[in-house]
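For reference, the chains in residue letters:
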Amino acid sequence: LKGNKSLETLYLRYPEDEECEVTGAGWSTFSKLLCDTSSINNTYLSNHTLEWVGDTFYGMTIPPDIRRHIAWNKDQRIDAAVRKILTSHRHFDMKPFFRWKLKFLPVMVAWFERAQGNESEKSLESRKLSSMYDFVRGMPMLVGQEKTRRRSRKRRLDGETK
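The numbers attached to residues start from 1 for each chain and follow its sequence in the written order. Only residues with pLDDT of at least 70 get local features here, since the model is predicted, and only at 80 or more are side-chain atom pairs given and counted; chain-wide, interface and lining totals rely on the full set of residues. Side-chain descriptors were evaluated using all non-hydrogen atoms of the structure, hydrogens and water having been removed beforehand.

S.K.: Before we go on, may I ask you to explain the packing of aromatic side chains in this structure?
M.R.: Pairing of aromatic side chains requires ring centres within 6.5 Å, counting the rings of Phe and Tyr and the six-membered ring of Trp. Pairs whose planes differ by under 30 degrees are stacked, by over 60 edge-to-face, and all others tilted. Throughout the structure, instances matching the rule amount to nine aromatic pairs. Ring plane angle 85° and centroid distance 5.9 Å describe the contact between Trp-27 and Phe-30, whose orientation is recorded as edge-to-face. With Trp-27 and Phe-30 both in helix H1 (residues 24–34) and three residues apart, this pair spans about one turn of that helix. In this pair, the class of Trp-27 matches that of Phe-30, namely buried. Taking the centre distance of 5.6 Å and the plane angle of 45° together, the rings of Phe-104 and Phe-135 count as tilted. Here Phe-135 lies in helix H6 (residues 121–137) and Phe-104 lies in helix H5 (residues 104–114), a separation of 31 residues in the sequence. Three or more aromatic residues joined by ring pairs form one cluster here, namely Phe-97, Phe-98, Trp-100, Phe-104 and Phe-135. In this arrangement the basic side chain of Arg-99 is found over the ring face of Trp-100, its NZ or CZ atom lying 4.5 Å from the centre. Runs of H or I in DSSP of at least four residues are treated as helices and runs of E of at least two as strands, each being numbered from the N terminus. Between buried and exposed lies partly exposed: a residue is buried under 20% and exposed over 50% of the maximum accessible area for its type, with that area taken using a 1.4 Å probe on protein chains only. For a Lys NZ or an Arg CZ to count as sitting over a ring, it must be within 6 Å of the ring centre and within 35 degrees of the ring normal.

Below, the structure written as structure tokens:
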């Protein structure tokens, strides 16, 4: 399922004469495929297409976290990746984005705009401002350099003296 972009239904069927159950370790691994919380990038790359898992005859018990992730995948009104990221990561580490410098700020703002409806407006706005603050705070020299560059590019009008 890792990297899957098309499978929407997964039937788990046992032979009728055998009693089989998915183990706790099996469900844990399956949960990680649906929502890998080890990093924001891994959460984003998790499976967001699977909409149904189970059997049709035996009434398999699906753990709550897996049912929740599948429900998010199925809900067309939300972006499952965004919902999983917001739910799994309370604080966003901005360091990986420093390599894009200030070019990343508009991307970050657009991502938070896309996230609207996945979390309360007040909470989302707070996280957006906190992330922007952390990002700018982590690059003080770059922000200072941008300001300095603008000053040095000012043109003098004809006849203007220092």
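And the narrative resumes.
S.K.: Whenever I open this one, helix H3 (residues 64–74) confuses me. Can you help?
M.R.: Along an α-helix, a turn takes 3.6 residues, which lines up residues three or four apart on a common side. All of the buried residues along H3 are Ile-66, His-69, Ile-70, Trp-72 and Asn-73. Buried residues along H3 cover an arc of 155° about the axis, so they all sit on one side. For this analysis, residues touch if any pair of their heavy atoms sits within 4.5 Å. If you follow the buried residues of H3, they end up packed against H1, strand E2 (52–54) and helix H4 (80–88). Arc definition: directions from the helix axis to the C-beta atoms.

S.K.: Would you mind going over the side chain of Ser-31 with me for this structure?
M.R.: Turning to its location among the elements, Ser-31 is positioned in helix H1. Given a relative accessible area of 10%, Ser-31 falls into the buried group. Setting aside residues no more than four positions away along its own chain, Ser-31 makes contact with Asp-65, Ile-66 and His-69.

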